[in-house]
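Residues per chain are reported as follows:
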Amino acid sequence: MTNTEFIRREKNGDHHFAFAPSRKVGSSRFGALDTALVVGFMAAFVGLIFLLAK
């Protein structure tokens, strides 16, 4: 790898580590657990609203 290519990769954040899978530029950082937690909190909030509305 030339010095120019190294600098270009550093600026673009194009790092390839053996222990970390590379992500595409537009990929989301949220996993299934994060999604489940957000949906659970939303359901609990809506349930609380319906419970208090009675």
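I will try to describe carefully the structure that is included in this document. (Residues numbered from 1 in each chain as written. Predicted model: local features only at pLDDT ≥ 70, side-chain atom pairs only at ≥ 80, totals over all residues. Heavy atoms only, no water.)

## Quick word on the overall build of the chain
Then step 1. Of regular secondary structure, the chain possesses two helices and zero strands.
Then step 2. On the chain, roughly 5,500 Å² of surface is accessible, and the fraction owed to carbon and sulfur atoms is 67%. (Helix = DSSP H or I, 4+ residues; strand = E, 2+ residues; numbered from the N terminus. Areas by Shrake-Rupley, 256 points an atom, 1.4 Å probe, with all protein chains shown as cover.)

## Focus on a nonpolar patch on the surface
Then step 1. Residues Phe45, Val46, Ile49 and Phe50 make up a contiguous nonpolar surface patch of roughly 440 Å² in combined accessible area.
Then step 2. Looking at the element boundaries, Ile49 is found in helix 2 (residues 32–53).
Then step 3. Exposure remark for Ile49: the relative accessible area of 46% places this residue in the partly exposed category. (Patch = residues over 30% accessible without salt bridge, like charges linked within 9 Å, V, L, I, M, F, W, Y side chains within 5 Å. Salt bridge = Lys/Arg side-chain N within 4 Å of Asp/Glu carboxyl O. Buried < 20%, exposed > 50% of the residue type's maximum accessible area, 1.4 Å probe, protein only.)

## Details of helix 2
Then step 1. Taking 1.5 Å of rise per residue, 22 residues should cover 32 Å, and helix 2 covers 31 Å from first to last C-alpha, within 8% of that figure.
Then step 2. The element helix 2 is barely covered by neighbouring structure, given that only zero of its 22 residues are classed as buried. (Expected span 1.5 Å × (residues − 1).)

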